[in-house]
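The residues making up each chain are set out below.
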Amino acid sequence: ERSLKRLQTDHIDVYWLHSPDANTPVEETLHAMDDLVRSGKVSYIGCCNHTAWQVLEGLWTSDARNLNAFVTVQNSYSLLWRTEMEAELLHACRKHGLGAVTYSPLAIGLLNGQFRMGKPPVAGTPWTENPHYRERFPKVMNQQADDVVQALIDIGAARGKTPSQVAIAWILANPDITAIITGPDAPEHVDDVIGAIGWQLEAVELERLNVVSKPETGSRFS
(Lines give C-alpha, C1' and ligand atoms only; values in the text may rest on other atoms or scores of the structure.)
Protein backbone atom coordinates (compact mmCIF):
# COMPACT_ATOMS: atom_id res chain seq x y z
CA GLU A 1 0.00 0.00 0.00
CA ARG A 2 2.85 2.39 0.80
CA SER A 3 4.53 1.59 -2.50
CA LEU A 4 1.34 2.23 -4.46
CA LYS A 5 0.90 5.53 -2.69
CA ARG A 6 4.45 6.62 -3.47
CA LEU A 7 3.99 5.56 -7.09
CA GLN A 8 0.71 7.50 -7.20
CA THR A 9 -1.18 4.56 -8.67
CA ASP A 10 -3.75 2.04 -7.51
CA HIS A 11 -2.11 -1.01 -9.11
CA ILE A 12 1.13 -2.40 -10.54
CA ASP A 13 1.13 -3.73 -14.08
CA VAL A 14 3.69 -6.49 -13.51
CA TYR A 15 4.94 -7.57 -10.10
CA TRP A 16 8.18 -9.53 -10.22
CA LEU A 17 9.58 -12.19 -7.92
CA HIS A 18 13.17 -10.98 -8.01
CA SER A 19 14.80 -14.33 -7.19
CA PRO A 20 13.78 -17.84 -6.11
CA ASP A 21 13.32 -18.26 -2.37
CA ALA A 22 14.70 -21.62 -1.30
CA ASN A 23 13.23 -21.24 2.19
CA THR A 24 9.61 -20.72 1.12
CA PRO A 25 7.47 -23.28 -0.72
CA VAL A 26 6.64 -22.07 -4.22
CA GLU A 27 2.95 -22.74 -3.54
CA GLU A 28 3.00 -20.32 -0.60
CA THR A 29 4.69 -17.65 -2.71
CA LEU A 30 2.24 -18.06 -5.57
CA HIS A 31 -0.71 -17.90 -3.20
CA ALA A 32 0.55 -14.54 -1.96
CA MET A 33 0.98 -13.28 -5.53
CA ASP A 34 -2.46 -14.61 -6.44
CA ASP A 35 -3.98 -12.66 -3.54
CA LEU A 36 -2.42 -9.47 -4.90
CA VAL A 37 -3.84 -10.08 -8.37
CA ARG A 38 -7.30 -10.95 -7.10
CA SER A 39 -7.31 -7.84 -4.91
CA GLY A 40 -6.64 -5.69 -7.98
CA LYS A 41 -3.32 -4.34 -6.71
CA VAL A 42 -1.37 -6.27 -9.34
CA SER A 43 -2.36 -7.05 -12.93
CA TYR A 44 0.19 -9.75 -13.75
CA ILE A 45 3.07 -11.58 -12.09
CA GLY A 46 6.50 -12.52 -13.39
CA CYS A 47 9.69 -14.10 -12.11
CA CYS A 48 13.31 -12.99 -12.29
CA ASN A 49 16.52 -15.01 -12.20
CA HIS A 50 14.63 -18.31 -12.27
CA THR A 51 15.92 -21.32 -14.16
CA ALA A 52 13.70 -23.06 -16.69
CA TRP A 53 12.74 -25.83 -14.24
CA GLN A 54 11.84 -23.26 -11.58
CA VAL A 55 9.63 -21.39 -14.04
CA LEU A 56 7.92 -24.63 -15.07
CA GLU A 57 7.46 -25.65 -11.44
CA GLY A 58 5.72 -22.33 -10.87
CA LEU A 59 3.46 -22.81 -13.89
CA TRP A 60 2.57 -26.35 -12.83
CA THR A 61 1.80 -25.24 -9.27
CA SER A 62 -0.41 -22.39 -10.47
CA ASP A 63 -2.29 -24.73 -12.77
CA ALA A 64 -2.74 -27.40 -10.10
CA ARG A 65 -3.91 -24.90 -7.46
CA ASN A 66 -5.93 -22.64 -9.79
CA LEU A 67 -3.70 -19.65 -9.07
CA ASN A 68 -2.67 -16.76 -11.27
CA ALA A 69 0.48 -17.82 -13.11
CA PHE A 70 3.66 -16.19 -14.35
CA VAL A 71 3.15 -14.40 -17.64
CA THR A 72 6.77 -13.33 -18.12
CA VAL A 73 10.33 -14.01 -17.02
CA GLN A 74 13.27 -11.65 -16.54
CA ASN A 75 16.88 -12.84 -16.74
CA SER A 76 20.32 -11.55 -17.65
CA TYR A 77 21.13 -11.79 -21.35
CA SER A 78 23.92 -10.33 -23.44
CA LEU A 79 26.63 -11.29 -25.90
CA LEU A 80 28.77 -12.25 -22.90
CA TRP A 81 26.08 -14.30 -21.16
CA ARG A 82 23.90 -16.26 -23.54
CA THR A 83 23.74 -19.68 -21.88
CA GLU A 84 21.11 -19.03 -19.22
CA MET A 85 18.48 -17.76 -21.66
CA GLU A 86 19.32 -19.77 -24.75
CA ALA A 87 19.88 -23.23 -23.28
CA GLU A 88 16.31 -23.79 -22.05
CA LEU A 89 14.58 -20.67 -20.83
CA LEU A 90 13.67 -19.13 -24.20
CA HIS A 91 12.36 -22.51 -25.35
CA ALA A 92 10.17 -22.73 -22.25
CA CYS A 93 8.88 -19.19 -22.81
CA ARG A 94 8.03 -19.97 -26.42
CA LYS A 95 6.33 -23.25 -25.50
CA HIS A 96 4.17 -21.73 -22.76
CA GLY A 97 3.57 -18.28 -24.22
CA LEU A 98 5.59 -16.31 -21.66
CA GLY A 99 7.17 -12.95 -22.27
CA ALA A 100 10.98 -12.91 -22.13
CA VAL A 101 12.42 -9.74 -20.62
CA THR A 102 16.19 -9.31 -20.34
CA TYR A 103 18.44 -7.11 -18.24
CA SER A 104 22.13 -6.13 -18.28
CA PRO A 105 22.37 -6.09 -22.10
CA LEU A 106 25.82 -4.49 -21.87
CA ALA A 107 27.13 -6.93 -19.23
CA ILE A 108 27.48 -4.18 -16.63
CA GLY A 109 29.20 -1.94 -19.16
CA LEU A 110 31.71 -4.44 -20.50
CA LEU A 111 30.26 -4.13 -24.01
CA ASN A 112 30.46 -0.35 -24.34
CA GLY A 113 33.80 -0.57 -26.13
CA GLN A 114 35.91 0.94 -23.36
CA PHE A 115 36.90 -2.28 -21.58
CA ARG A 116 39.66 -4.39 -23.12
CA MET A 117 41.60 -7.45 -22.12
CA GLY A 118 44.91 -6.72 -20.43
CA LYS A 119 43.97 -3.15 -19.57
CA PRO A 120 42.71 -1.81 -16.23
CA PRO A 121 38.92 -1.45 -16.01
CA VAL A 122 37.44 1.99 -16.57
CA ALA A 123 37.55 4.12 -13.44
CA GLY A 124 34.31 5.06 -11.73
CA THR A 125 32.48 1.90 -12.84
CA PRO A 126 31.38 -1.18 -10.86
CA TRP A 127 34.46 -2.96 -12.23
CA THR A 128 36.67 -0.62 -10.18
CA GLU A 129 34.39 0.51 -7.37
CA ASN A 130 32.83 -2.82 -6.40
CA PRO A 131 35.29 -5.37 -4.90
CA HIS A 132 33.21 -8.29 -6.21
CA TYR A 133 33.44 -7.12 -9.81
CA ARG A 134 36.98 -5.77 -9.51
CA GLU A 135 38.25 -9.19 -8.48
CA ARG A 136 36.47 -10.93 -11.34
CA PHE A 137 37.41 -8.48 -14.10
CA PRO A 138 40.61 -10.24 -15.30
CA LYS A 139 38.68 -13.50 -15.63
CA VAL A 140 35.58 -12.18 -17.40
CA MET A 141 37.43 -9.86 -19.77
CA ASN A 142 39.14 -12.82 -21.43
CA GLN A 143 40.08 -13.38 -25.07
CA GLN A 144 36.56 -14.25 -26.18
CA ALA A 145 35.09 -11.21 -24.43
CA ASP A 146 37.73 -9.01 -26.05
CA ASP A 147 36.93 -10.50 -29.45
CA VAL A 148 33.25 -9.68 -28.89
CA VAL A 149 34.12 -6.09 -27.99
CA GLN A 150 36.28 -5.77 -31.10
CA ALA A 151 33.43 -7.07 -33.26
CA LEU A 152 31.09 -4.50 -31.72
CA ILE A 153 33.60 -1.74 -32.40
CA ASP A 154 34.12 -2.84 -36.00
CA ILE A 155 30.41 -3.18 -36.79
CA GLY A 156 29.60 0.06 -35.02
CA ALA A 157 32.25 1.96 -36.95
CA ALA A 158 30.91 0.63 -40.24
CA ARG A 159 27.30 1.48 -39.35
CA GLY A 160 27.86 4.79 -37.56
CA LYS A 161 26.75 3.26 -34.26
CA THR A 162 28.35 2.84 -30.86
CA PRO A 163 29.40 -0.58 -29.57
CA SER A 164 26.62 -0.35 -26.98
CA GLN A 165 24.01 0.25 -29.66
CA VAL A 166 25.23 -2.73 -31.66
CA ALA A 167 25.16 -4.97 -28.56
CA ILE A 168 21.56 -4.00 -27.81
CA ALA A 169 20.53 -4.31 -31.47
CA TRP A 170 21.80 -7.90 -31.37
CA ILE A 171 19.33 -8.70 -28.57
CA LEU A 172 16.49 -6.85 -30.31
CA ALA A 173 17.08 -9.02 -33.39
CA ASN A 174 16.02 -12.08 -31.40
CA PRO A 175 12.29 -12.61 -32.03
CA ASP A 176 11.90 -14.45 -28.72
CA ILE A 177 12.85 -11.38 -26.70
CA THR A 178 9.89 -9.25 -25.57
CA ALA A 179 11.68 -6.29 -24.00
CA ILE A 180 15.05 -5.15 -22.68
CA ILE A 181 15.70 -3.46 -19.34
CA THR A 182 18.68 -1.12 -19.51
CA GLY A 183 20.48 0.57 -16.62
CA PRO A 184 21.67 4.02 -17.69
CA ASP A 185 23.58 5.97 -15.04
CA ALA A 186 23.64 9.31 -16.85
CA PRO A 187 21.57 11.22 -19.46
CA GLU A 188 24.10 10.45 -22.18
CA HIS A 189 23.64 6.76 -21.48
CA VAL A 190 19.93 7.13 -22.21
CA ASP A 191 20.70 8.78 -25.54
CA ASP A 192 23.09 5.96 -26.38
CA VAL A 193 20.47 3.29 -25.64
CA ILE A 194 17.85 5.05 -27.74
CA GLY A 195 20.27 4.90 -30.65
CA ALA A 196 19.93 1.11 -30.65
CA ILE A 197 16.41 1.26 -32.09
CA GLY A 198 15.17 2.27 -35.52
CA TRP A 199 17.67 0.15 -37.46
CA GLN A 200 18.63 -3.51 -37.80
CA LEU A 201 21.82 -5.48 -38.04
CA GLU A 202 22.53 -7.20 -41.34
CA ALA A 203 22.63 -11.00 -41.50
CA VAL A 204 26.40 -11.05 -41.91
CA GLU A 205 26.80 -8.82 -38.86
CA LEU A 206 24.54 -11.01 -36.77
CA GLU A 207 26.46 -14.08 -37.90
CA ARG A 208 29.78 -12.55 -36.85
CA LEU A 209 28.43 -11.64 -33.42
CA ASN A 210 26.82 -15.06 -32.97
CA VAL A 211 30.03 -16.87 -33.85
CA VAL A 212 32.39 -14.74 -31.79
CA SER A 213 30.11 -14.91 -28.73
CA LYS A 214 29.30 -18.61 -28.96
CA PRO A 215 28.96 -19.82 -25.36
CA GLU A 216 31.95 -21.62 -23.91
CA THR A 217 32.48 -23.29 -20.57
CA GLY A 218 33.20 -20.62 -18.03
CA SER A 219 31.78 -18.53 -15.23
CA ARG A 220 29.16 -15.85 -15.52
CA PHE A 221 30.38 -12.24 -15.74
CA SER A 222 28.48 -11.27 -12.58
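Check the entry above for the structure.
Residues numbered from 1 in each chain as written. Predicted model: local features only at pLDDT ≥ 70, side-chain atom pairs only at ≥ 80, totals over all residues. Heavy atoms only, no water.

K.L.:
Please explain the packing of aromatic side chains as it appears in this structure.
P.N.:
We describe a pair of aromatic rings using the distance from one ring centre to the other and the angle between the two ring planes. Per the stated rule, a full pass over the model turns up four aromatic pairs. Relative to phenylalanine 137, the ring of phenylalanine 115 lies with its centre 6.0 Å away and its plane at 55 degrees, an arrangement referred to as tilted. Taken together, the residues phenylalanine 115 in the loop between strand E4 (99–103) and helix H5 (126–129) and phenylalanine 137 in helix H6 (residues 131–140) connect sequence positions 22 residues apart. For phenylalanine 115, a relative accessible area of 2% corresponds to the buried category. Among the aromatic side chains, those forming a connected cluster through ring pairs are Phe115, Trp127, Tyr133 and Phe137. (Phe/Tyr/Trp six-rings, centres within 6.5 Å; stacked < 30°, edge-to-face > 60°. Helix = DSSP H or I, 4+ residues; strand = E, 2+ residues; numbered from the N terminus. Buried < 20%, exposed > 50% of the residue type's maximum accessible area, 1.4 Å probe, protein only.)

K.L.:
Teacher, can you tell me more about H6 here?
P.N.:
Because each turn of an α-helix spans 3.6 residues, side chains separated by three or four positions in sequence point in the same direction. Every buried residue of H6 is accounted for by Tyr133, Phe137 and Val140. Summarising the axial view, the buried residues of H6 lie within an arc of 90 degrees, below the 170-degree limit, and thus occupy one face. When the buried face of H6 is taken as reference, the exposed residues oriented beyond 90 degrees from it are Pro131, Glu135, Pro138 and Lys139. For H6, the elements touching its buried residues are H5 and helix H7 (143–159). Capping of H6 at its N-terminal end is provided by asparagine 130; its side-chain oxygen lies 2.8 Å from the backbone amide nitrogen of histidine 132. (Arc of directions from axis to C-beta. Contact = heavy atoms within 4.5 Å. Polar contact = N/O pair within 3.5 Å; in protein donor to acceptor, adjacent residues only side chain to side chain.)

K.L.:
Looking at this model, I keep getting lost on unusual backbone geometry. Mind explaining?
P.N.:
Negative phi is the rule for most residues except glycine; trans is the rule for most peptide bonds. Of note, the phi angle at asparagine 66 is positive, near 55 degrees, even though the residue is not glycine. Position of asparagine 66 among the secondary structure elements: in the loop between helix H3 (52–65) and strand E3 (70–76). On the accessibility criterion, asparagine 66 (61% relative accessible area) is exposed. Of note, alanine 107 is a non-glycine position whose phi angle comes to about 55 degrees, a positive value.

K.L.:
What is the right way to look at helix H10 (residues 203–212) in this model?
P.N.:
Within the span of H10, buried status applies to Glu205, Leu209 and Val212. Down the axis of H10, the smallest arc covering the buried residues is 75 degrees, so these residues share one side. Facing away from the buried side of H10, by more than 90 degrees, are the exposed residues Ala203, Val204 and Val211. Against the buried residues of H10 lie H7 and helix H8 (163–172).

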